[in-house]
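Listed here are the chains, written in short residue letters.
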Amino acid sequence: GDGGGGGGGGGGGGMADHVIHEKLVEREKARVARDYAKSDRMRDELQAAGIFVKDSEKRWSANDGRSGPIPTASGGYGAGGGGGGYGG
């Protein structure tokens, strides 16, 4: 095989899974750093590609039917040590 040619980037529709992951991790890092302007920008980039981030469910879903968990700022998945305890 010739490796499939990489699929041509999906013809502009649909962001590759690993790119979604990278942007979600960037966004979580920004949130941890309280850089909300950046986290909003990452969310907007994802939305522009048809990917909707549901923080309440810790999931994302794409308008092409894909979905997955939101990674932590360290790039993994799971509770990430709880965090919590912020605010009153």
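Above: the structure in question.
Described in the following lines is the structure provided in the data block.

Cut-offs applied
- Residues numbered from 1 in each chain as written.
- Predicted model: local features only at pLDDT ≥ 70, side-chain atom pairs only at ≥ 80, totals over all residues.
- Heavy atoms only, no water.
- Salt bridge = Lys/Arg side-chain N within 4 Å of Asp/Glu carboxyl O.
- Helix = DSSP H or I, 4+ residues; strand = E, 2+ residues; numbered from the N terminus.
- Buried < 20%, exposed > 50% of the residue type's maximum accessible area, 1.4 Å probe, protein only.
- Axes fitted to C-alpha atoms, helices over the stretch in contact; angles between N-to-C directions.
- Parallel < 35°, antiparallel > 145°, perpendicular 65-115°, else oblique.
- Left-handed = near helix turned anticlockwise from the far one by under 90°.
- Contact = heavy atoms within 4.5 Å.

So, on to the pattern of salt bridges. Applying the stated criterion across every chain yields a total of nine salt bridges. Arg-43 is the salt-bridge partner of Asp-40, the closest N and O atoms lying 3.4 Å from each other. Remark: Arg-43 and Asp-40 occur in helix H2 (residues 36-48); sequence separation between them is three residues, near one turn of the helix. A salt bridge links Asp-44 to Arg-43; its shortest N-O distance comes to 3.7 Å. Take Arg-43: its relative accessible area is 27%, and that puts it in the partly exposed class. The structure contains a network of salt bridges with shared partners spanning Arg-27, Glu-28, Arg-31 and Asp-55.

Positive phi, close to 60 degrees, is recorded for Arg-34, a residue that is not glycine. Mapping Arg-34 onto the fold places it in the loop between helix H1 (17-32) and H2. Phi is positive for Lys-58, close to 55 degrees, though the residue is something other than glycine. Its place among the elements puts Lys-58 in the loop between strand E1 (51-54) and strand E2 (59-62). You can call Lys-58 partly exposed: its relative accessible area is 46%.

So, on to the packing of H1 against H2. One way to put it is that H1 packs onto H2 with a least axis distance of 7 Å and a crossing angle of 160 degrees. Taken as axis vectors, H1 and H2 run roughly antiparallel relative to one another. Crossing of H1 over H2 shows left-handed handedness. Of H2, the residues touching H1 (which contributes Ile-20, Lys-23, Leu-24, Glu-26, Arg-27, Ala-30 and Arg-31) are Tyr-36, Lys-38, Ser-39, Met-42, Arg-43, Glu-45 and Leu-46.

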